[in-house]
Structure formats: structure tokens, C-alpha cells
Amino acid sequence: MVIETPAFFEMIGYIGDRSGPKMQMDLPRDARWYGFGDWLAVRPRKTWMVGGTTHAADALIGNSLSSFLAGERSFVALFVRLRRGPPCASMARKRGCALKVVLTSVVSSTA
């Protein structure tokens, strides 16, 4: 992966090989995204409609990287912040800064 940062809150990512970047990632420029093996996690800074679903700003959504590169855009919400504001600094202050956790099970078959 190659990452270009044209502005402070902007990221443009490219997938490629040792010879260089081959394909630009189809993600919002202001989103933060991370690759973990065959998983792609995205945290959009603004509300993002993708694959027929609207994802809230600051939500953490995920998709299989290989599926994403094949054109699949069905992200799953992993964490959704219930209200925006500064992050909670301690467990005692978490009452007003709760996170809705969506548990998903991922079943992968290695046939």
C-alpha cells in the first residue's frame, strides 16, 4: 500500500506491488483506514453512504480487503459512537460517552 496525504485530514491510498501503485482505493479522502491481513477497517470523518448503507461519522466499519478490491462494498458496522464529542478519559465519565458495540461473527472457511 502507498499512502498520499495531500492535506492534513486527507489520505489517498493505492494498492500495488514492488513495481509501484496499481489501483487507487475507492474510499473518502477524509476517512482513516487500516489494513490487517485480508481485512479493511474504515473510520469516516463524515457520514458516508456506501453499498446502499449510510454509515455515521466516526463509526468503525469493516470489510474483507479482497472483497473490497473485487468491488464489494457491503461494510459491517463494528463500533458506532452514540454522540460526538471529546473521547472519554476515564471509566467514570463513560456514562455520557457510550459506544454502541455491534458484535459480528466472521466465519471463514479454508476449503
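Residues numbered from 1 in each chain as written. Predicted model: local features only at pLDDT ≥ 70, side-chain atom pairs only at ≥ 80, totals over all residues. Heavy atoms only, no water.

## Considering the overall build of the chain
Part 1: Within the chain, the secondary structure is distributed over 1 helix and 10 strands.
Part 2: In sequence order, the chain lays out its α and β elements as β-β-β-β-β-β-β-β-α-β-β.
Part 3: Within the chain, the proportion of its 111 residues that are buried is 27%.
Part 4: In the chain, of all internal contacts separated by at least 6 residues, the share reaching a separation of at least 24 is 23%. (Helix = DSSP H or I, 4+ residues; strand = E, 2+ residues; numbered from the N terminus. Buried < 20%, exposed > 50% of the residue type's maximum accessible area, 1.4 Å probe, protein only. Contact = heavy atoms within 4.5 Å.)

## Considerations on the nonpolar core
Part 1: Among the nonpolar cores identified, the biggest contains 15 residues, and Met25, Leu27, Trp33, Leu40, Val42, Trp48 and Phe75 are the most heavily contacted of them.
Part 2: Those elements that place two or more of their residues in this core are strand E5 (39-43), strand E6 (48-50) and helix H1 (65-69). (Core = buried A, V, L, I, M, F, W, Y, C linked by side-chain atoms within 4.5 Å.)

## Looking at the side chain of Ser64
Part 1: With respect to the helices and strands, Ser64 occurs in strand E8 (residues 60-64).
Part 2: A polar side-chain atom of Ser64 sits 3.1 Å from a polar atom in the side chain of Ser66.
Part 3: The residues contacting Ser64, other than those within four sequence positions of it, are Asp38 and Trp39. (Polar contact = N/O pair within 3.5 Å; in protein donor to acceptor, adjacent residues only side chain to side chain.)

## Points about the sheet that holds strand E3 (residues 20-24)
Part 1: Taking strand neighbours across the sheet as the criterion, the 3 strands line up as E1-E2-E3 in an open arrangement whose pairing is antiparallel. Each edge of the sheet is formed by a strand with only one pairing partner; in this case those strands are strand E1 (2-4) and E3. For this sheet the average axis-to-axis angle between neighbouring strands, irrespective of direction, equals 40°.
Part 2: Pairing of strand E2 (residues 12-17) with E3, which is carried by 4 bridges, proceeds in the antiparallel orientation. Note that in E3 the partner of Asp17 across the bridge is Gly20. (Pairing = 2+ DSSP bridges. Axes fitted to C-alpha atoms, helices over the stretch in contact; angles between N-to-C directions.)

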